[in-house]
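Residue strings, one per chain:
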Amino acid sequence: MVGGGPQSDNVIHRMAMDDPIPWWKKPHLRNMYLLLFPCVIGIEMTSGFDSQIINSAQLLPAWKEYFGHPTGAYSGILASALPLGSVIGLPFIPLINDNFGRRWCIMFGSCIMIIGTFIQGFSKNAPMYIIARAIIGFGLPYAIVAGSCLIGELAYPKERPILTSLFNACYFIGAIVAAGCTYGTQRIKNDWSWRIPSLLQMAPSLLQVIFVFLLPESPRYLMSKDRLEEAKNMLIHYHAEGNADSEFVKAEIAEIKVTLEIELEHSKQSWADMIRTAGMRRRVLIGSLLGLFTQLSGNVVISYFLGDVLKLIGYTDPSFQTKYNLGNQCWSLVCGVSAALVVMRFRRRTMYLTGIFSILAVYVGWTVCTAVFIAHKNPVAAKFSLFWIYAYSPAYNLCFNALTYTYLIEIFPYAQRARGIAIFQFWGKAAQFFGTNVNPIGTQAIGWKYLLVYCCWIFVEAALIWFLWPETSNRSLEELAFLFENKEDLAQLQQKRVETEHGVGELDDEKHAVVHEKQV
């Protein structure tokens, strides 16, 4: 449905959407957005880079020789060490993110990843390689959780959904660089064919370390620490282009302040808050399922074990596999960015349901074609399988890539946002760990029939999304803070909003009166 569903009665949302000046004509906002890419939006490049480091490295003769031609469970643990490290680090993320700020949390995670990448590139054996990948995994969610929060809390409301959607799209930039780099280094006939790409994985983290403190801190974090003047100056500078009398900023400050007061009044900012109320339990359930769905919808099969999948349909040439993989990553970037740019035009539920049913259709088609090829050695079926693998990308990007962090930032209030995204990361990394260990065993044991398991599971995902996912489009973050909450808190926020709108209206009347007097 075009237009994002029902229009909000929120004054801040209305004022932002009615703003006729595009972001690129606002110098301060434009500069902040341009800095967001190397500082924050590019964080997911590390995830994309990692998926292709493993996927592409398995196609390199030198890598396979160095690690003893890994298969089955051994191949799985080489890939799954990163999500294992992430699961270990997740419980401690809110301690840094909520106490020291978003930027310091990004800095901490990036430094850890640089250390892990250095060890990975100079690994002497498989245990050292596995430990290095676990260290990278430990640091990655610190940067992801803080980065996704910072984007949503810094962005002007009009562009927020697009920016948070682009966050995940950057995954494919890292994947393309890794796939392209590995394709080039395959000509090197020694260990440096895989060591060079492994060391390059630190590039996104280096960008974050260099640039992150050039960004302002989250105004919501600043207000939560009673640093109201700093938060006000940030909003005036970037959301009002330096206009201290901006009605929009006054309304924004008032709503953020009252929402934080209500949230923090009922919150102890502990993990117990996540299950204290029915509304929070619903959020936790959705965040947990979203973490599972983003990694168990068949994408890990393509991201980490594409070589095994291509062998099933007769494509065993390493050169073809690397070129096909590189092309798929470029195509995925196009799909990811395109989905992010249209996120404002459709309702969240519409995009999720369209995406998940498309994924189901793709997997059914892919499974049938692979089965036909194996049974009859039909080359047409093999080529259709190649098509279905490419068709998977627009389907997955439409929902799980474009909407993931946009949706998480919208359903979790400020006081629980870091913990909510950490819970999402926990289940996502746990599912990734499971998938990277089970997928090579499954494809080795039952071949194409393993794809049938995903067909059944994706149908279950579609049913859960249909019944559980609420609509969140066209509302401010403060308004969404009470999406599932009791009527008293919502009434308190609405009363404050009425007062704010009344104040804005009075300012408008005063302005018109002054203009009229001057004309007279």
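A few points on the structure. Please read all numbers here as calculations on a predicted model, not as lab measurements. Counting of residues starts from 1 at the beginning of each chain's written sequence and follows it residue by residue. Local features in this predicted model are restricted to residues of pLDDT 70 or higher, and side-chain atom pairs are both shown and tallied only at a pLDDT of 80 or more, whereas totals for entire chains, interfaces and linings draw on every residue. The basis for every side-chain value is the complete set of non-hydrogen atoms in the structure, without hydrogens or water.

1. Some remarks on the overall build of the protein
To keep things clear, this is the line we draw: Working definition: helices are DSSP H or I runs of at least four residues, strands are E runs of at least two. Numbering for both runs from the N terminus. Think of it in three bands: residues with accessible area under 20% of the maximum for their type are buried, residues over 50% are exposed, and the middle band is partly exposed, with areas taken using a 1.4 Å probe on protein chains only. Any pair of residues with heavy atoms lying within 4.5 Å of one another is described as a contacting pair. Note on areas: Shrake-Rupley with a 1.4 Å probe; residue coverage comes only from the protein chains shown.
Per the secondary structure count, the protein includes 26 helices and zero strands. Across the 520 residues in the protein, those meeting the buried criterion constitute 59%. Within the protein, residue pairs in contact and separated by at least 24 positions form 84% of the contacts whose partners lie at least 6 positions apart. Of the roughly 20,300 Å² of accessible surface on the protein, a fraction of 67% belongs to carbon and sulfur atoms.

2. Some thoughts on empty space enclosed by the protein
What counts here: Residues are said to line a cavity or pocket when one of their atoms sits within 4 Å of a point; the points come from a 1 Å grid over protein atoms alone, cavities being sets where a 1.4 Å probe fits but cannot get out and pockets being open sets with protein on both sides within 12 Å along at least five of seven lines. Grid points are joined across faces, edges and corners, and a volume is the space filled by probe spheres set on the points. Each residue gets one label: Ala, Val, Leu, Ile, Met, Phe, Trp, Tyr, Cys and Pro are nonpolar, Asp, Glu, Lys and Arg are charged, and the others, such as Gly, are polar.
By the definition in use, this model includes four cavities of 30 Å³ or more. Within this model, the largest cavity holds a volume of roughly 510 Å³. Looking at the largest cavity, it is lined by 34 residues, and the ones nearest its centre are Y171, T294, Q295, N299 and Y396. Counted by class, the lining of the largest cavity contains 13 nonpolar, 18 polar and three charged residues.

3. Some remarks on a nonpolar patch on the surface
For clarity, the cut-off: Here the term patch refers to residues with relative accessible area over 30% and no salt bridge, with like charges joined within 9 Å and nonpolar side chains (Val, Leu, Ile, Met, Phe, Trp, Tyr) within 5 Å. In what follows, salt bridge is the name for a side-chain nitrogen of Lys or Arg lying within 4 Å of a carboxyl oxygen of Asp or Glu.
A cluster of nonpolar side chains, namely F118, F122, W192, I196 and L200, defines an oily patch on the protein surface of about 440 Å² accessible area. By residue number, the principal contributor to the nonpolar patch is helix α11 (residues 192–200), which donates three residues. Examined against the element boundaries, I196 turns out to sit in helix α11.

4. Structural notes on the layout of surface pockets
Approximately 460 Å³ is the volume attributed to the largest pocket. Lining of the largest pocket is provided by 23 residues; of these, Q58, P70, T71, D308 and K311 occupy positions nearest its centre. Residue assignment for the lining of the largest pocket shows that the elements contributing at least two residues are α4 (61–66), α5 (72–89), α18 (306–312), α19 (318–341) and α23 (414–446). When grouped by side-chain class, the residues that make up the lining of the largest pocket number nine nonpolar, eleven polar and three charged. If you add up the space inside the second largest pocket, you get close to 390 Å³.

5. Quick word on the packing of helix α8 (residues 126–154) against α23
For any two helices packed against each other, the geometry is given by the interaxial angle and the distance between the axes. To keep it simple, the criterion reads: Helix axes are fitted only over the stretch in contact, all axes being lines through C-alpha atoms; the angle between N-to-C directions runs from 0 to 180 degrees. For this classification, under 35 degrees means roughly parallel, over 145 means roughly antiparallel, 65 to 115 means roughly perpendicular, and everything else is oblique. Helix crossings fall into two classes, left-handed where the near helix is turned counterclockwise from the far one by less than a right angle and right-handed where it is turned clockwise.
It is the contact of α8 with α23, at a shortest axis distance of 10 Å, that shows an interaxial angle of 135 degrees. With respect to each other, α8 and α23 are oriented oblique. Considering only the axes of α8 and α23, their crossing is right-handed. Residues L140, P141, I144, V145, S148, C149 and E153 of α8 form the contact with α23, whose own contacting residues are Y414, R417, A418, I421, A422, Q425 and K429. Class assignment for the residues of the contact of α8 with α23 results in nine nonpolar, two polar and three charged.

6. Section: the packing of aromatic side chains
Counted only if it meets this: Working definition: a ring pair exists when centres of Phe, Tyr or Trp rings (six-membered ring for Trp) sit within 6.5 Å. Plane angles under 30 degrees give stacked, over 60 give edge-to-face, the rest tilted.
Throughout the structure, instances matching the rule amount to 36 aromatic pairs. Between W63 and F67, the ring centres sit 5.3 Å apart and the planes meet at 55 degrees, which makes this aromatic pair tilted. Taking relative accessible area as the criterion, F67 reaches 3% and is therefore assigned buried. With centroids separated by 5.6 Å and ring planes inclined at 90 degrees, the aromatic side chains of Y450 and Y454 adopt a geometry described as edge-to-face.

7. As for the pattern of salt bridges
Counted according to the given criterion, the structure contains eleven salt bridges. For E471, the salt bridge goes to R347, with nearest N and O atoms at 3.6 Å. Here the residue E471 occupies a position in the loop between α24 (450–468) and α25 (477–480), and R347 occupies one in the loop between α19 and α20 (348–376), the gap between them amounting to 124 residues. Taken together, the shared-partner salt bridges connect D98, R102, E153, R417 and R419 into one network.

8. A few points about the packing of helix α7 (residues 102–121) against helix α12 (residues 203–211)
Running from N to C, α7 and α12 cross one another at 145 degrees; their axes reach a closest spacing of 9 Å. When you trace α7 past α12, the crossing you get is left-handed. For the pair formed by α7 and α12, the contact residues are I106, M107, S110, C111, M113 and I114 on the first element and S205, L206, Q208 and V209 on the second.

9. A few points about the environment of G307
Mapped onto the elements of the fold, G307 is located in helix α18. The spatial distance from the C-alpha of G307 to the C-alpha of N325 is 8.8 Å, given a sequence separation of 18 residues. The contacts of G307, once residues within four sequence positions are left out, are N55, L59 and Q321.

10. Notes on the environment of T185
Within the secondary structure, T185 is located in helix α10 (residues 171–185). On the basis of relative accessible area, T185 is assigned to the buried category, the value being 7%. For the pair T185 and R195, spaced ten residues apart in sequence, the C-alpha separation works out to 9.4 Å. Setting aside residues no more than four positions away along its own chain, T185 makes contact with S193, I196 and P197.

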